[in-house]
Each structure stands twice: as C-alpha cells, then as structure tokens.
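# Geometric and topological summary
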Amino acid sequence: MKRQLLQECLRIQNEQIQAAKTAMEEAQESANEHHGAIEDKFESFREACQIQRDMYARQLDEAMSTLQILKRINSMKENSEIMLGSVVETDVQDFFISISLGAIKVNDKTYFAISAMSPLFKAMAGKSIGDTFGLRDKQYKIKNIY
C-alpha cells in the first residue's frame, strides 16, 4: 500500500512539474513573439510575460524541491512510530506522511497526503498504535501505522 501511495504521489508531483515547465515556456514564448504597434505597449506586455514566467519558474522550483522529499521516502520501511513516509490509519481518516497533496485514492480507499510540516502531522508525530491525538476539537485514535 505504501509503495502504491508513493507512486501516486510521484505521478501527481511529476504532472505538476510538467505543467509548471509548460506554462513557463509558453510565457517566455509570448514575451519573445509579441510585436505591438506601439513600443511602450510591447514593453509592458513583455514585462508582464516575464513576470508570469518568473512566477511559473518559482512554482517549478518549489515542485522540484517537493519531489526531492518524496524521493527520500523508503516505501519498504515499516514504521512503528509516525514519521515521514508513514501510512497512518485512524478511526476518522487515513494519512500518508509525505507532501501536501490532499486526498489520494488507491485501491478504492482514500488517504490524505500531508506534509511533515503540517499542524496535523505535528499533532501525531512520534505517536504509536493505540495512541490518540487531537487537532481543532477533533480527536483521532491510531489504529495502524506502517
């Protein structure tokens, strides 16, 4: 299950990287190709395209950094405590401690991919099977960790 969750997260993250690359390239092409009748309008359009390209470049950089977090996860490791790479089943929801991607469906079961920087992870970090933790008036009991 952990391997499938990791593969799905990698697939989603790679799609986000590709989308950011494509958007960045398109913004650069627009800046290079646009020829306006009035030079001032052309320069402001070009600047706007370059600002947009820079925004996509930052998104790409962030997506690449996030991908590196996923690559550090060993899907074969069994965890007895909650840490990066853990799959946590609770009486309320199930989680994959990896990166923040939200709901991920694997084998008709939904897991929430959450970051190790999230408040929810901080509430459950270091806990074991049978322990409870809470966040925002919601209590969770840990049923399984792997």
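Scroll up to find the structure this text is about.
For the structure given in this document, a descriptive report is provided here.

Cut-offs used in this document
- Residues numbered from 1 in each chain as written.
- Predicted model: local features only at pLDDT ≥ 70, side-chain atom pairs only at ≥ 80, totals over all residues.
- Heavy atoms only, no water.
- Helix = DSSP H or I, 4+ residues; strand = E, 2+ residues; numbered from the N terminus.
- Polar contact = N/O pair within 3.5 Å; in protein donor to acceptor, adjacent residues only side chain to side chain.
- Contact = heavy atoms within 4.5 Å.
- Pairing = 2+ DSSP bridges.
- Axes fitted to C-alpha atoms, helices over the stretch in contact; angles between N-to-C directions.
- Phe/Tyr/Trp six-rings, centres within 6.5 Å; stacked < 30°, edge-to-face > 60°.
- Buried < 20%, exposed > 50% of the residue type's maximum accessible area, 1.4 Å probe, protein only.
- Core = buried A, V, L, I, M, F, W, Y, C linked by side-chain atoms within 4.5 Å.

## Some points on the side chain of Glu89
Structurally, Glu89 is set in strand 1 (residues 87–90). At 3.3 Å, the side chain of Glu89 and the side chain of Lys109 are in polar contact. Beyond its immediate sequence surroundings of up to four residues, Glu89 is in contact with Asp94, Lys109, Tyr111, Lys141, Ile142, Lys143, Asn144 and Tyr146.

## Observations regarding the sheet that holds strand 4 (residues 109–115)
Taken in spatial order, the six strands make up an open sheet running 3-4-2-1-6-5, and their pairing is mixed. This sheet does not close on itself; its edge strands, each paired only once, are strand 3 (102–106) and strand 5 (132–135). Across the sheet, the mean angle from the axis of one strand to that of its neighbour is 40°, orientation sign disregarded. As defined by bridge partners, strand 5 adjoins strand 6 (residues 138–145) across four bridges and the pair is classed as antiparallel. The residue of strand 6 that forms the bridge with Gly134 is Gln139.

## A short note on the packing of aromatic side chains
Under the criterion given, the structure shown has two aromatic pairs. Ring centres of Phe95 and Tyr140 lie 5.9 Å apart, and the angle between their planes is 65°; this geometry places the pair in the edge-to-face category. In this pair, Phe95 is assigned in strand 2 (residues 94–98) and Tyr140 in strand 6, connecting sequence segments 45 residues apart. Geometrically, the ring pair formed by Phe133 and Tyr140 is stacked, given 4.8 Å between the ring centres and 10° between the ring planes. For the pair Phe133 and Tyr140, one class covers both residues: buried.

## Looking at the nonpolar core
In terms of nonpolar packing, the biggest core is built from 15 residues, with Leu5, Cys9, Leu70, Val87, Phe96, Leu101 and Ile104 touching the most fellow members. The leading source of residues in this core is helix 1 (residues 2–33), at four residues. Apart from the residues lying within four places of it in its own chain, the contact partners of Leu70 are Leu6, Cys9, Leu10, Gln13, Ser98 and Ile99. Of all hydrophobic cores here, the second largest spans twelve residues; its members include Ile82, Met124, Tyr140 and Ile142.

By themselves, these figures tell us nothing about what the structure is for.
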